[in-house]
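# Descriptive structure summary
Residues per chain are reported as follows:
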Amino acid sequence: MTEPAERPAADETVPAGVQSPNGTGPVGDPPPLVTPPADTVPGEVVLRLTDVVKTFPGVRALDGVQLEVRAGEVHCLLGQNGAGKSTLIKVLSGAHQPDSGQVEWLGEPVSFGNPQAAMKAGIATIYQELDLVEDLSVAENAFLGHEPRQLGFVRRGYMARQTREILARLGHPEIPPRRMVRSLPSAGKQIVSMARALSHEARLIIMDEPSAVLAHDEVGNLFRIIRELTAQGIAVIYISHRMEEIREIGDRVTVLKDGRTTAANLPARSTPTRDLVSRMTGRTIEYVFPDRPAETPAAEKLLEVRELSREGEFADVSLTVHAGEIVGIAGLVGSGRSELLETIFGARRASTGTVSMAGRQVRPGSVGAAVRAGMGMAPEERKSQALLLGEPIYRNVTLATFTRWARLGFTDAGRERAEANEVADRLELRPLDVRRPVRTLSGGNQQKVVVGRWLLGGTKLLLLDEPTRGVDVGARAELYQVIRALAARGVGVLLVSSEVPEVLGLADRVLVMREGRVVHEAPAGELDEDTVLDLVMAGSLMEGAPA
Amino acid sequence: MTERTETAAPAGAAPPADRPSPVSPAPAGAPVHKGAGTPGNGTGRWSGDAGESFRRNLGLVGVLVVLIVIGIVTRPDLYSDMNWVGDNIMSILTLASVVGVVTVGMTFVIIGGGIDLSVGAIVALAGVWSTTVATQSYGAGGMIFTAVVVAVCVGLVNGFLISYGRLVPFIATLAMLVAARGLAAEISDKQTQVSNNATINGIASNDVLGIPVLVFILAGVVAAGWVLLNRTTFGRRTVAVGGNPEAARLAGINVRRHSMLLYALSGLCCGIAAIMLTAQANSAQAAMANLYELDAIAAAIIGGTLLSGGRGTIVGSLLGVIIFATITNLFAINGLSTEAQNMVKGGIIVAAVLVQQFRFKSLTQLLARNKLRSTN
Amino acid sequence: MTERTETAAPAGAAPPADRPSPVSPAPAGAPVHKGAGTPGNGTGRWSGDAGESFRRNLGLVGVLVVLIVIGIVTRPDLYSDMNWVGDNIMSILTLASVVGVVTVGMTFVIIGGGIDLSVGAIVALAGVWSTTVATQSYGAGGMIFTAVVVAVCVGLVNGFLISYGRLVPFIATLAMLVAARGLAAEISDKQTQVSNNATINGIASNDVLGIPVLVFILAGVVAAGWVLLNRTTFGRRTVAVGGNPEAARLAGINVRRHSMLLYALSGLCCGIAAIMLTAQANSAQAAMANLYELDAIAAAIIGGTLLSGGRGTIVGSLLGVIIFATITNLFAINGLSTEAQNMVKGGIIVAAVLVQQFRFKSLTQLLARNKLRSTN
Amino acid sequence: TSNDNGSGDGGGEQVKAADSSANPNSAPGQKVVIGFSAPAADHGWLAAITKNAEAQAKVFSDVEFKTVAAGADAAAQRAALSTLISQKPNVIVMLPHDGKELNASGLEAMKAGIPVINLDRAFPDALAYRLQIKGDNYGMGVAAGRYIGEQMKAKGITNPIIGEIAGMDELELTKERSAGFAAELAVFGFKVANRRAARFTADTGQSEASQQLQALPKMDALWNHDDDQGIGVLAAIKQANRTEFIMVGGAGSKAAIDAIVADNSVLKATVTYSPSMASSAISLARLIGQGKGMSDLVELQVPKEITLASETITKENASQYAKLGF
Ligand SMILES: Nc1ncnc2c1ncn2[C@@H]1O[C@H](COP(=O)(O)OP(=O)(O)OP(=O)(O)O)[C@@H](O)[C@H]1O
Ligand SMILES: Nc1ncnc2c1ncn2[C@@H]1O[C@H](COP(=O)(O)OP(=O)(O)OP(=O)(O)O)[C@@H](O)[C@H]1O
Ligand SMILES: [Mg+2]
Ligand SMILES: [Mg+2]
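Residues numbered from 1 in each chain as written. Chains lettered and ligands numbered in written order. Predicted model: local features only at pLDDT ≥ 70, side-chain atom pairs only at ≥ 80, totals over all residues. Heavy atoms only, no water.

## Thoughts on a nonpolar patch on the surface
To keep things clear, this is the line we draw: What makes a patch is a set of residues exposed beyond 30% relative accessible area and free of salt bridges, joined within 9 Å when like-charged and within 5 Å when nonpolar (Val, Leu, Ile, Met, Phe, Trp, Tyr). To measure how exposed things are, a 1.4 Å probe is used in the Shrake-Rupley method; for residues, cover is taken only from the protein chains shown. Salt bridge, as applied in this entry: a Lys or Arg side-chain nitrogen positioned within 4 Å of an Asp or Glu carboxyl oxygen. Secondary structure follows DSSP: runs of H or I at least 4 residues long count as helices, runs of E at least 2 residues long count as strands, and numbering of each begins at the N terminus.
A cluster of nonpolar side chains, A:Leu408, A:Phe410, B:Trp226, B:Val227 and B:Val315, forms an exposed patch at the surface whose accessible area comes to about 480 Å². With respect to the helices and strands, B:Val315 occurs in helix 14 (residues 314-334).

Quick look at the structure:
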């Protein structure tokens, strides 16, 4: 697969003379970045799965999956949380071995014993969970496992150059290849994951919810790259819960439900959403936002934030949330929204400014005080910030509230399970058994657990940071209903989301943040997507706006 | 470690997917590394809280049985005398009692994401302080009070340095180890201080219903530790703080205060252990309880506590301690030389852990196969 | 170096860039727990590769300077003699040399997500094996060969048990500690075995250009370790294996084999250290290198290596070892009693770490303030 | 101590042969089961204790020797002793980790009717033992102090700089040795200028000595408590090229005696603390078990306390002591 071809790169941003090194042994003169697969005819089937089964003890994650992917196409995988999408791609990438069924790659039956084998065969994967090493540099992460080397020494300069080229191609020439990945925002990390996939000579690139952590403009950039790849005959498997993305970039769609293929090779652009959703869920769900109450009564002020600042993060933010009101914050990734939320919640200490709940100032820098004042927060990163992965679901759901049911310091496990069960029902958690460890849930269901935590007990104000990231269509609608219902009961909600339609659709009032400052505030009804995007996009990920 | 997962999901209770998620921090197929890769990382837990740890502990009991059988086989003469056997069991439990108490505290600290290298030093300091002439003049009550207060205070200092001074637990407690032994040597003037208090000494020499008082104390501490860990908010917080401190913090738990308390709790256990050890030795000395930290940590880990925090059981730790005591006893009754003893001991430790794993592995496979068959 | 180019990069282009990511695993404000919470986690990280560790190491150098100043102040009589000062520096470095070599190996193991409690025992076993009458008859070459081969083999056994036997590193290497010391006692028949080989003994007594050979060896091992960690695929993969084993596995790294090799590497360092220590003591004995594991781990951690893996520097570890040696030297030249020494030592360790942290905190705040001012 | 005495069963030279013509007590008598317990040997002296005991027991056809290794600390030894007691030997010989800590075990055995012989580390309670044989730690310090004092006086040094490398500092015996040393030096009006504590091993002896040599750029005399760690101390002295002082050792190992005889190092003398006491203990245990007395004494029974004198070995008298080197 190493024969260099003469085909010019499809995009001008790709500088000539770059290659994807194969990691072993010294590398010669660099050929073009992605070697077009010489023996692949566009449209030819490169990958075919027949009746693939993968069981985890007690769960059939894959239960007879059929899939057919052609060279040069973007093949979308759709399915609810837990349908088996991630498991499927792990089988493809050699991270899991199927129990039965056949995988045909380039016409040959194959079985990948480990990720290395799949990579060698030309399958590169961007996993759903960021799979980077925080203390390695961008370049080292991109080339992890197949570093260009000479006698065991890493060819650092060469590797940095390669990485810079790939990053440039990805539209992010400003990310320094030698910067520690630890210091990148999550969007930057996603770019590095993509760079890693592109550093291989891949004929199939699998992307598991790559857009979940990307801001709006970044998604556009991602699509540009995908188009460029497919133009070279590379196949892409694309997983996302966002229907509009699938419409925009997808060619064909395969739908999974409960580990089975329920529909294969539907045309991505023309299949009606209702059809897709009903194949995913077995029922029809309107992908809409709940109605706003006709007239917001002049409710009491619940949260009042005055001139809150944190050095280097955000400055002079003032906002109020009334009881029963949903306030959305729109902004680019890195605009300081998460920090703002965490500061309001007491998880960070403000440099100046005050936070009050129901007229009483909340002790700064104390999460406990915030919780006692009636706040609850669903943080952005579920794994590192929210979940006890090894603990059962119910204990995760009741993490913030178990003391309420305790007597004299003794916990009441029965009560906790009952409460958690109720939440699980409301959020359609799958599977429903609340004694399972959270780690065995699919990504979207884990997110439901995080949100569910604050549906218990006397939360008066909910701070939600990207609450629907990785959540499927059905559950998303469900979550919207839950949030709205909470508001109707008088709970105030402060919502951060990178999906502008979500902010506009769900919130009553919208604040737009840029570079740590609120630049605009208006009732949601008075804004449309384009206006918000204009306000928001005054710069790019790493550079910020020209001052 | 995927293999030791979900074995006997209690008869159809849960429809469990019992596998450690491949995206879990201790991933399938990755070597059991960084102390995290505990066996049985998987699951089974939703078959009831204690599912997996129960099976682990069963494995440890199996190891214990094997050790006893070896004892019987190698010294049939001794084991044929039932009186001797009863005595021997008590002697093993007594040997385990002091380290056992320390291990309970250590288990809490480790589950809470920390480590306490200073336990042996705290025992020595508390023991020495409670046997100074001045303290002894206050009688047994004064001695016990002193030991406990000294030990808890040292624990609080540890906790304070770690929680609020933000020192790495390893370094903070290592520094405390050195300092506390130094202070103990200073106080005792490097002498072995004899305890003349009959009540204290009686703790080690008296029986109740044929069971030594020391064993009762161990049982009491273990029971209290079990309740504290499994039935109280304190225990729940401990697991949360150790499992994911950031999540605990964002759920409103005062992580700093809690981890400080954990070290104080470990100190408390050391104080109790100091009295027990002083009673046993009728004396205290700056070098006493040497390397108890290693014994306690090893027992906790063998018992299934994750060195990286967030998981562990009191019963497992107790079994770990008893296994170590039984090994020592086995060597003693066989009159092995210390060198041979050490070589064999290393082997036994490895074997014990491997045996457990093997058990799980094969059982898991068996069950998985059965399940598959019944599903197909 | 290259790393700092980033800081300056988009001059004025990126206003609010310098913020700690809220998703970073050790978030600002969370207590520094489970060995993870490195100070200075906050910021300044934009400055790239070596930025933070560079500043940490600077902090350690500061601590070192303070210790030396204390030495000068307390013993001006000695420090006024420049010959003596030169000698003393060499004496400190020589004192640091053996543990230093062990620490280099330990640093790799810890960065790779493991721990090796058996280093002291391996040094003892290798030392004893290489000084048996039989081995000594093969001369210096035979002795060195024996020490290295024995040590590497023991390391491989450790690695095998951990990687493929899936034992927790703490337990596997603890078992090895016990077993290897037992074997060493068996081999040496508990005697102190005198080394009669002039070449070997000369390693400790000879100088080159006024610098002891032992110091050269330390320098060589440190340099090799630095290159290995920072410039080779082996080193970079070590960081990956320790930092995120699952990611490493998915990137096609053979995580198991790699961690096995790490223990072998640690063994290799122990083999070299065994020869050095044998040369120094003109003898070897089963109890030699006692508790080197604690010294090495403590030095690595003080030097900024994360106990949970994935981060660490060779230079930091070296500085940690030198700080410990300087403390010992300081006590010796002041003739402090052992008790006082221990108490003070605990305090110094805590202070050293706190000083570093303080430095970072204030520096960070300073920088952040300046930046804001220039942006606003 | 050194590996050059590789012949046979090691400590054979410190065993009294069973020569019944010379000593009627050696004639085989009633069978005696002797239980023995000593701490895990991690240095030469302790190793020699165990070996001497074993070797001496072998000499007697009427002795059955049962060792229980006492592990790493007092608690382990206590447990080992309780299993030993339950096996009902006729006599128990033990070298406790610490006499005070194991006093209770001594009492337990005596109560069970088993005579206890305490080797080296005295029980505070007289009821806890039948016989106590020990070396004289304080006396060792005194002997070392006296030798150094006299040498200094002979050299006419009025204000000598004296170093001391002690053994494990947390042990009471170390304290006693240092106390004896300081007391005797005071008689001459001298005092210790720098004291470091090693851990009875050569490598710690080396590192402590190397630091002490740094602290005392000029030195007149050095006492090192233990000849085993002395190997390292001597190595450090050689590595530092220092010769201006005299050194006295402790315990009396073979290597030390050889070095004194060779007279090519700073080591000029060593004060004894001989592990041969273990051989004596076994012989006496047998006599106690058989109810015999010591043949040279008039008493019908073995006495209750025996304290060995600490002697000073120098080049002049080394030949007499060669046999006692371990
Ligand atoms: N332009 C930039 N250059 C470099 N680093 C940046 C830039 N923008 C943001 N960051 C870093 O990324 C971190 C993450 O920002 P964060 O994601 O919290 O902002 P946000 O508004 O909450 O975005 P999100 O939509 O992801 O929630 C910031 O703390 C900052 O350190
Ligand atoms: N390692 C594992 N052990 C046990 N069960 C697992 C494991 N991995 C996945 N599962 C289960 O397999 C099913 C499929 O999970 P998968 O992660 O493939 O879902 P998904 O379609 O990717 O969902 P999402 O959209 O939420 O990411 C789920 O029920 C999940 O709980
Ligand atoms: Mg998924
Ligand atoms: Mg954010």
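Following the structure, the description resumes.
## Comments concerning the environment of A:Tyr158
All names here are of chain A. This is how the line gets drawn: Only protein chains enter the calculation, and the probe is 1.4 Å; a residue is then buried if its accessible area is under 20% of its type maximum, exposed if over 50%, and partly exposed in between.
Examined against the element boundaries, Tyr-158 turns out to sit in helix 4 (residues 156-169). For Tyr-158, a relative accessible area of 6% gives the class buried. In the structure, Tyr-158 is positioned 19 residues away from Ala-139 in sequence and 9.9 Å away in space, judged by C-alpha atoms.

## Structural notes on the sheet that holds strand 3 (residues 91-94) of chain D
Residues and elements named next belong to chain D. Quick reminder of the rule: Pairing between strands is defined by DSSP: at least two bridges between the two strands are required. Fitted lines through C-alpha atoms serve as axes, helices being fitted only where they are in contact, and the angles separating the N-to-C directions of these axes extend from 0 to 180 degrees. Any pair of residues with heavy atoms lying within 4.5 Å of one another is described as a contacting pair.
With respect to topology, six strands assemble into an open sheet ordered 2-1-3-4-5-11, the strand pairing being parallel. Looking at which strands have only one partner, the edges of the open sheet turn out to be strand 2 (63-67) and strand 11 (305-307). Pairwise comparison of adjacent strand axes, ignoring direction, gives a mean angle of 15° for this sheet. Taken together, the three bridges between strand 5 (residues 131-134) and strand 11 define a ladder with parallel strand orientation. In the sheet register, Ile-133 faces strand 11, and the bridge partner there is Ile-306. Where helix 9 (residues 276-290) meets the sheet, its contacts fall on strand 1 (32-37), strand 2, strand 3, strand 4 (116-119), strand 5 and strand 11, and the angle it forms with strand 1 comes to roughly 145°.

## As for the interface of chain D and chain B
What counts here: Each of two parts loses accessible area, computed with a 1.4 Å probe, when they are put together; buried area is these two losses added. In the analysis that follows, any N or O atom pair within 3.5 Å is treated as a polar contact, provided that within protein one partner can donate a hydrogen and the other can accept it, and provided that, for residues neighboring in sequence, both atoms belong to side chains.
Taken together, the contacts link 24 residues of chain D with 29 residues of chain B. The largest contributions to the chain D side of the interface with chain B come from D:Lys100, D:Glu101 and D:Lys175, which together make up 23% of the buried area. Where chain D meets chain B, there are two salt bridges. Notably, a salt bridge pairs B:Asp189 with D:Lys175, separated by 3.1 Å at the nearest N-O pair. Run the count over chain D and chain B and you get six residue pairs in polar contact (both at pLDDT 80 or more).

## Observations regarding the pairing of strand 3 (residues 74-79) of chain A
Residues and elements named next belong to chain A. Judged by how many residues are buried, strand 3 sits mostly within the fold: six of six residues are covered. Here strand 3 shows no split at all, with Val-74, Cys-76 and Leu-78 on one side and His-75, Leu-77 and Gly-79 on the other all buried. Both strand 3 and strand 10 (residues 235-239) contribute to a ladder of four bridges, which runs parallel. Note on strand 10: the bridge partner recorded for Val-74 is Val-236.

## Re the packing of helix 4 (residues 82-111) of chain C against helix 10 (residues 213-231) of chain C
Residues and elements named next belong to chain C. To keep it simple, the criterion reads: Angles are sorted into four bins: roughly parallel if under 35 degrees, roughly antiparallel if over 145, roughly perpendicular if 65 to 115, and oblique for all others. Two helices that cross are described as forming a left-handed crossing if the nearer one is turned anticlockwise from the farther one by less than a right angle, and a right-handed crossing if clockwise. Any residue that is not Ala, Val, Leu, Ile, Met, Phe, Trp, Tyr, Cys, Pro, Asp, Glu, Lys or Arg is counted as polar, Gly included; the first ten are nonpolar and the last four charged.
Relative orientation of the contacting elements helix 4 and helix 10 amounts to 25°, with a least axis distance of 8 Å. Relative to helix 10, the element helix 4 lies roughly parallel. Crossing angle aside, the handedness with which helix 4 passes helix 10 is left-handed. Each of Met-90, Leu-93, Thr-94, Ala-96, Ser-97, Gly-100, Val-101, Val-104, Phe-108 and Ile-111 in helix 4 lies in contact with helix 10, whose residues at this interface are Leu-214, Val-215, Leu-218, Val-221, Val-222, Gly-225, Leu-228 and Leu-229. Classifying every residue of the contact of helix 4 with helix 10 gives 14 nonpolar, four polar and no charged.

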